[in-house]
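# Residue-level structural notes
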Amino acid sequence: MRPEFEGACIRLVAWAIHFSVGTLIWGLHFGLLIPYLPGGSDARRCLLFGLVA
């Protein structure tokens, strides 16, 4: 691979990992914790989870 594309490839892999962690791990945690979070509506629960996480 040419050296000028090496940095772009590393950044792409880093963003892919960041996206995967954000969607899979945090999404799984949210799905498991939503019944136990305080708040009257799902919107308040989502905001609380986002603030704490």
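Below or above, wherever it landed, is the structure these notes cover. Note that the coordinates shown come from a computational prediction; the quantities given were computed from them, not determined experimentally.

This paragraph deals with the overall build of the protein. The number of helices and strands found in the protein is two helices and zero strands. Within the protein, buried positions represent 6% of all 53 residues. As displayed, the protein has an accessible area near 4,600 Å², and 73% of this comes from carbon and sulfur atoms.

Scanning all chains against the criterion turns up one salt bridge. Between R45 and D42 there is a salt bridge, with the nearest N and O atoms lying 3.7 Å from each other. With R45 and D42 both in helix α2 (residues 42-52) and three residues apart, the pair spans about one turn of that helix. Judged by relative accessible area, D42 falls into the partly exposed class, the value being 46%.

Next up on the list: the packing of aromatic side chains. Inspection of the entire model under this criterion finds two aromatic pairs. The rings of W26, F30 and F49 are connected pair by pair, giving a single aromatic cluster.

In this section: a nonpolar patch on the surface. A cluster of nonpolar side chains, V13, I17, V21, L24, I25 and W26, forms an exposed patch at the surface whose accessible area comes to about 540 Å². Tracing the backbone through its elements, the reader meets V13 in helix α1 (residues 3-33). Its relative accessible area of 43% is what places V13 among the partly exposed residues.

Cut-offs and rules
Residues numbered from 1 in each chain as written. Predicted model: local features only at pLDDT ≥ 70, side-chain atom pairs only at ≥ 80, totals over all residues. Heavy atoms only, no water. Helix = DSSP H or I, 4+ residues; strand = E, 2+ residues; numbered from the N terminus. Buried < 20%, exposed > 50% of the residue type's maximum accessible area, 1.4 Å probe, protein only. Areas by Shrake-Rupley, 256 points an atom, 1.4 Å probe, with all protein chains shown as cover. Salt bridge = Lys/Arg side-chain N within 4 Å of Asp/Glu carboxyl O. Phe/Tyr/Trp six-rings, centres within 6.5 Å; stacked < 30°, edge-to-face > 60°. Patch = residues over 30% accessible without salt bridge, like charges linked within 9 Å, V, L, I, M, F, W, Y side chains within 5 Å.

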